[in-house]
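Chain by chain, the residues run as shown.
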Amino acid sequence: MDSNTPPACAAARQVNAFTVDVEDYFHVAALSSAISRASWGSRELRVERNTERLMEILAERGVHATFFVLGWLAERAPALVRRITEAGHEVACHGYSHQLVYKQTPGEFREETVRAKHFLEDTVGHAVLGYRAASFSVTRQSLWALDVLIDLGFRYDSSIFPIHHDLYGIPGATPEPHRVSAPSGRTLAEFPMSAANFFGLQVPVSGGGYFRILPYWLTRAGLEQINHRRGRPFAFYLHPWELDPGQPRIKVGAFSRFRHYTNLSRCEARLRRVLGEFAFTSMYECLQQRGLLAADRATMRQLPPLAPPPLLPGRLPAG
Ligand SMILES: [Zn+2]
């Protein structure tokens, strides 16, 4: 056994974070070239029934998860946000407009994040503590976002992907949950997205398109490597639309089509397998178990929602 290998009993107890990015198919960056933001409000919302389905599957396994909810969507489906929290899951924040963080100014980012956080807190009645950026877009160019998150009272972030990618990623970033330093020197708990290492290549095996497209045996081998060989939990993620093979087909380029539509009809069966083979809980609980968040969630629930600074009318995109 090398010094990086934890004892087998510790590996067997590894509990991972199950997360859901709650948005609809038309919010996805891969389809944005063919779907204008102005059309969002006129499109059928499919996310409610898809999220309910996902919650049914999680309930079969008794798994409590973290749901990062898009603010734009929360304003249109507040009953869904309440259903998520009533089912015992953690509600966290996926920003407001699904715009990449590094394409916003710090002021724009702060303004839209306050709007999303405040609405979610009003809806669930307690503080919202976790944040995940659209398309994991906290990168080297947008580390300032961590300071904004700390200012707004978030206790953890899960937006950093330690891989090379065309849209996101900080290659070489710390891969396990840790306290990340913001440019100001203050720190925030960070649960990075997870990748396995196959023959020197970092392969993101823990959710989304990777989970649907890669063969399941490879996914399982990668997740086992992270849990057992590296001795750390992974952050699994899925979108409700990934369980919806009946969603409208959008005409986009071949690569985007491949990334978005491959294996939608197989995703539910794969999800059941991964839930049967690995242990999961919410991201908050996972970070707390590792000593990265001090107080328990019951205490956090008693905190009053933050009072937001006044919004400047007209600056946010119309829904
Ligand atoms: Zn998203």
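This text follows the structure it describes.
Overview of the structure. (Residues numbered from 1 in each chain as written. Predicted model: local features only at pLDDT ≥ 70, side-chain atom pairs only at ≥ 80, totals over all residues. Heavy atoms only, no water.)

Okay, the overall build of the protein chain next. A tally of regular secondary structure across the protein chain gives 12 helices and 11 strands. Here the protein chain holds 319 residues, and 55% of them are scored as buried. Relative to all contacts within the protein chain whose residues are 6 or more apart in sequence, the contacts with residues 24 or more apart total 76%. For the protein chain, the computed accessible surface area is about 13,300 Å², with 54% contributed by carbon and sulfur atoms. (Helix = DSSP H or I, 4+ residues; strand = E, 2+ residues; numbered from the N terminus. Buried < 20%, exposed > 50% of the residue type's maximum accessible area, 1.4 Å probe, protein only. Contact = heavy atoms within 4.5 Å. Areas by Shrake-Rupley, 256 points an atom, 1.4 Å probe, with all protein chains shown as cover.)

All right, on to helix α9 (residues 254-261) then. Burial in α9 covers these residues: S256, H260 and Y261. With its buried residues spanning 100 degrees around the axis, α9 presents them on a single face. Among the exposed residues of α9, those oriented more than 90 degrees off its buried face are A254 and F255. For α9, the secondary structure elements touched by its buried residues are α7 (208-213). Where α9 terminates, the next one or two residues include N263, which has phi positive at roughly 60 degrees. (Arc of directions from axis to C-beta.)

Where helix α5 (residues 106-124) contacts helix α6 (residues 144-151), the two axes come as close as 10 Å, and the packing angle between them is 35 degrees. When you trace α5 past α6, the crossing you get is right-handed. On α6, the residues that touch P106, F109, R110 and T113 of α5 are W144, A145, V148, L149 and D151. Tallied by class, residues from the contact of α5 with α6 come to 6 nonpolar, 1 polar and 2 charged. (Axes fitted to C-alpha atoms, helices over the stretch in contact; angles between N-to-C directions. Left-handed = near helix turned anticlockwise from the far one by under 90°. Nonpolar A, V, L, I, M, F, W, Y, C, P; charged D, E, K, R; others polar.)

This structure, assessed with the given rule, holds 15 aromatic pairs. Residues F109 and W144 carry aromatic rings whose centres are separated by 5.7 Å and whose planes lie at 75 degrees to one another, so their mutual orientation is edge-to-face. A residue pair is termed long-range when its members are at least 10 positions apart, and F109 in helix α5 and W144 in helix α6 qualify at 35 residues. We classify F109 as buried; its relative accessible area is 0%. Here the aromatic rings of F136 and Y168 are separated by 5.1 Å at their centres, their planes lie at 75 degrees, and the arrangement is edge-to-face. (Phe/Tyr/Trp six-rings, centres within 6.5 Å; stacked < 30°, edge-to-face > 60°.)

Let us now look at the coordination of the zinc ion. The coordination sphere of the zinc ion contains the protein donors E23 (OE), H94 (NE2) and H98 (NE2), at a distance range of 2.0 to 2.1 Å. Each donor residue of the zinc ion belongs to the same chain, with the gaps between them written as E-x70-H-x3-H. Highlighted residues: E23 in the loop between β1 (15-22) and α2 (47-60) and H94 in the loop between β3 (90-93) and α5, separated in sequence by 71 residues. Residue class for E23 comes out buried when judged on its relative accessible area of 2%. (Donors = N, O, S within 2.8 Å, 3.2 Å for Na, K, Ca; no water.)

The next thing to look at is the packing of α2 against helix α10 (residues 267-277). Relative orientation of the contacting elements α2 and α10 amounts to 30 degrees, with a least axis distance of 10 Å. Classified by the interaxial angle, the pair formed by α2 and α10 is roughly parallel. Crossing of α2 over α10 shows right-handed handedness. Two secondary-structure elements touch here, α2 through R53, L54, I57, L58 and E60 and α10 through E268, L271, R272 and L275. (Parallel < 35°, antiparallel > 145°, perpendicular 65-115°, else oblique.)

Another point: the pairing of strand β7 (residues 187-190). Across 2 bridges, strand β5 (residues 156-157) lies against β7 in parallel orientation. Bridge pairing in β7 links Y156 to A189. Where strand β6 (residues 178-181) and β7 come together, 4 bridges link them in antiparallel fashion. Note that in β7 the partner of R179 across the bridge is A189. The hairpin formed by β6 and β7 contains 5 residues between the paired strands, and G185 there has a positive phi angle of roughly 100 degrees. (Pairing = 2+ DSSP bridges.)

The subject of this paragraph is the side chain of S159. On the secondary structure map, S159 appears in the loop between β5 and β6. Among the polar contacts made by the side chain of S159, one reaches the main-chain amide nitrogen of A133 at a distance of 2.8 Å. A distance of 2.6 Å separates polar atoms of two side chains, one belonging to S159 and the other to D157. Those residues in contact with S159 that sit more than four places away from it in its chain are Y131, R132, A133, F136, S137, V138 and E190. (Polar contact = N/O pair within 3.5 Å; in protein donor to acceptor, adjacent residues only side chain to side chain.)

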